[in-house]
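Overview (structure and organization)
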Amino acid sequence: MKTTNLGYPRIGSNRALKKALENYWSGKATLVDLEETAKNIRTENWLLQQEKGIDIIPSNDFSLYDQVLDMCMTVNAIPKRYTALQQKNHATQDLYFAMARGIQKDGIDLTAMEMTKWFDTNYHYIVPEFYKNQAFSYCNSKIVDEYKEALALGIKTKPVLIGPVSFLLLGKEKENGFDRIDLLPNLLPTYLKIIKELSALNVEHIQFDEPFLATDLTNKDREAIRYTYQTIADKFPDLKIILANYFDCFGENLDTVLELPVHTLHLDLVRCKLQLDDILSSKKLNKNTHLSLGVIDGRNIWKNNFEDSLALIQKAIAHVGEERITIAPSCSLLHSPCDLDLETNETNLSAEVKQWLAFAKQKLEEVNTLRNFITKVNLSKTLEKVNENSAANAERKISKSIHNPKVKDRVKALTKKDDQRLNGFTQRKIIQQKALNLPLYPTTTIGSFPQTKEVRSQRANFKKGNTTPEAYHSFIEKETRETIAFQENIGLDVLVHGEFERNDMVEYFGEQLDGFAFTSFGWVQSYGSRCVKPPVIYGDVSRENPMTVFWSSFAQSITDKPVKGMLTGPVTILQWSFVRNDQPRSETCTQIALAIRDEVVDLEKAGLSIIQIDEPAIREGLPLRKEDWKTYLDWAVKAFRISASGVKDETQIHTHMCYSEFNDIIEHIAAMDADVITIECSRSQMELLDVFREFKYPNEIGPGVYDIHSPRVPDRSEMVALIEKAKEYIAPEHLWVNPDCGLKTRHWDETKKALIEMVAAAQECRQRVAVSH
Ligand code: GLN
Ligand code: ZN
């Protein structure tokens, strides 16, 4: 019985790649420096996996930026606008990074390719661009080079490639009149060339990732899968093809998959345990097909439950025999932090919590231990590890720091009325208007104001203990005062305190809630050189003390205008954390919702008449398969409602989302029943409001009138035009005027100019109404 891995984190355990990339981009380091760092990371990863007992070690899982972009380079799916760079004798890396990040250099000005989330992860990939009748060619030898590089270390790796069907499905048609899957006959010969070259080097295994098999596919897509793997098998009968699917079951695609002439099927048994029974009992399962059992969670940081995994493995062995089983993580370890051994700061991560965790390196050990247990290798040592594992898991089940009966009881006691405001929106609107007396087209912002270098460094110094609490406090007070004064001066209607005390919209809350832990080095790649360090929700969540009341009520105390309290919503906190796996996510989300609810009530008590609960992550929590959407949306929306429903009707609840795809979830957005929703809109020229109009969205909306992702200051006339356009979709008395998102990434000078223009635009639109009456 063998062990394998699908991919290892490539940023390096101390984020060496991030630093090397950023130095290269800023001109501080040369391409040679960058490539040396990259080579060191690859070498370390390969040797580590070998040392940890992984038999089939991946290559080509490394990338300088993104594995989908690598595939574009390999098969020459390079959009035409970059050909200037191909011809001008530029280094391949210039072209590569131009595609990733855009380029403005030597008279060349090219935008980057689009980027989007990799399935339901927080990793972003570069979206391939496809054109009608597009030709492909084998034009970059990265896959083969890395195979040879490992070979030179004495390691015969398994090259990992994005399968051709998923590669096409990951992309977008950039012109009308064709379906990108129809490009397969053009693309496949290029893949065959790569395979041929690898075969010539005696490669034994190749892994093709086809994660689209975890989604709803059309018959045509399935036919493309069949055609691809039949063709490869016909041409290379001796090659061991591993077909990898992860993040969900094969579902409707199972029959197709079982009949494929591949050597090994990789199954994600963390996300979908039940499929193992279906597969083992299916008559369609090929007599020779091996199964790679993804039992170790590649998406989360918890220690595996060996007892559960061994049961699955034994079951599979009983059906197909040990020879045909491989043990693996559920998916690439790209989505895990690197090494738990680096975590030594016990204030952030207690020894108790730490013993329940496993990062990428530890997950390799788990894979190996499971195999050794079954094959009875190093028996005494293996038994010791298995016992350690069950002791840690047993302790976790009863630990007092996880299980808080008060929190569990409170969740159980929730009733229908807890997720409902007292009256419906129509009545609330009248009551709120009386209380707030806002003008037509009220103006506001989304919450944060520019986080200057000084703000960041003051916060960091305070955290490190280099600034006294008093000095830090007076600094934040000064920033808040100035921001309130600025907003008053320019005539905004609903003010915010500015969020200067917040590092991150999830971390800030997590640090003040029970049940959260933090890592020091738990970085996970988000895109390119960007990494995130999600908090760990390990226990029942509760709030001991108010978290935001101090600065919000301070801000309210220095102005007569209403100040909006500013909170992160339960779904977003959940979505951007590593979440405990010993209870349903919905349960954890409800606990967070109750903590936020208490905060909302305290803000109301402190005199805040408007409170915003941000939920930018609600859409990205959607399951991969449509049939699972409703269940998720039901509990997610309910969690939001629980957080928002503890207040009087006078108190106006806002929410904010920063994306523009509401088409398929609009009824659930409406069901959140926020009095006001602010959304991203300006880049789509208000067109996304179509769905709000069609649905007859009942509550108030603030469609962003300018794009905060750009330093450009919009003209007043542009914003007037957008407001006028929005009026075609939304009743004027339901319309708010605000930017797209928070202003923390902008500079003050742009921000000031833009907001002055925005307020003037709203005034102009009000005057137009007055004149026409
Ligand atoms: N209130 C937050 C801010 O303004 C919202 C951020 C977000 O939407 N991601 O920064
Ligand atoms: Zn936003």
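Residues numbered from 1 in each chain as written. Chains lettered and ligands numbered in written order. Predicted model: local features only at pLDDT ≥ 70, side-chain atom pairs only at ≥ 80, totals over all residues. Heavy atoms only, no water.

Worth spelling out the cut-off: UniProt positions are given in the numbering used here, feature names are shortened, and annotations may be inferred rather than shown by experiment.
The protein appears in an unreviewed UniProt entry as 5-methyltetrahydropteroyltriglutamate--homocysteine methyltransferase from Cellulophaga algicola. Here is the UniProt Catalytic activity (unreviewed entry) comment for the protein, exactly as written: "5-methyltetrahydropteroyltri-L-glutamate + L-homocysteine = tetrahydropteroyltri-L-glutamate + L-methionine". According to its UniProt record, the protein has this under Pathway (unreviewed entry): "Amino-acid biosynthesis; L-methionine biosynthesis via de novo pathway; L-methionine from L-homocysteine (MetE route): step 1/1."

**What to know about the UniProt feature "binding site: Zn(2+) 2" (unreviewed entry) in the protein**
What counts is decided by this rule: Counting from the N terminus, the helices are the DSSP runs of H or I reaching at least four residues and the strands are the DSSP runs of E reaching at least two. Type-normalised accessible area, obtained with a 1.4 Å probe on protein chains alone, sets the label of each residue: buried when under 20%, exposed when over 50%, and partly exposed for intermediate values. Contacts are assigned to residue pairs with any non-hydrogen atoms lying within 4.5 Å of each other.
What UniProt calls "binding site: Zn(2+) 2" (unreviewed entry) maps, in this numbering, to Cys658. Mapped onto the elements of the fold, cysteine 658 is located in the loop between strand E22 (652–657) and helix H25 (666–671). Look at cysteine 658 and you get partly exposed, because its relative accessible area is 28%. Non-local contacts of cysteine 658, meaning those with residues more than four positions away in its chain, are made with Pro616, Glu680 and Cys741.

**Examining the nonpolar core**
Condition: Buried Ala, Val, Leu, Ile, Met, Phe, Trp, Tyr and Cys residues form a nonpolar core when they are joined through side-chain atoms within 4.5 Å.
Phe167, Phe208, Leu293 and Ile313 are the most contacted members of the largest nonpolar core, which has 123 residues in total. Among residues more than four places away in sequence, those in contact with phenylalanine 208 are Leu161, Gly163, Pro164, Tyr191, Ile195, Tyr229, Ile232, Ile241, Ile242, Leu243 and Ala244. Within the second largest apolar cluster, 99 residues are counted, among which are Ile476, Phe500, Ile642 and Met686.

**Notes on the coordination of the zinc ion (ligand 2)**
Let me state the cut-off plainly: Only N, O and S atoms count as donors, using a 2.8 Å limit from the metal and a wider 3.2 Å limit for Na, K and Ca, and since water is excluded some coordination spheres may look unfilled. Only four donors with every angle between 85 and 135 degrees are called tetrahedral; only four or six donors with opposite donors over 155 degrees apart and all others between 65 and 115 are called square planar or octahedral, in that order; all others are irregular.
Protein coordination at the zinc ion (ligand 2): the donors are His656 (NE2), Cys658 (SG) and Cys741 (SG), at 2.1 to 2.3 Å from the metal. For the zinc ion (ligand 2), the four donor atoms are set out with angles of 91 to 122° between them, so the coordination reads as tetrahedral. Sequence positions of the residues that donate to the zinc ion (ligand 2) give the spacing H-x1-C-x82-C.

**Observations regarding the sheet that holds strand E20 (residues 578–579)**
Spelled out, the test is: Two strands form a pair only when DSSP identifies at least two bridges running between them.
Taken in spatial order, the three strands of this open sheet run E15-E18-E20, and their pairing is mixed. The open sheet has two edge strands with one neighbour each: strand E15 (513–517) and E20. Taken together, the two bridges between strand E18 (residues 536–543) and E20 define a ladder with parallel strand orientation. Within E20, the position partnered with valine 536 by the bridge is phenylalanine 578.

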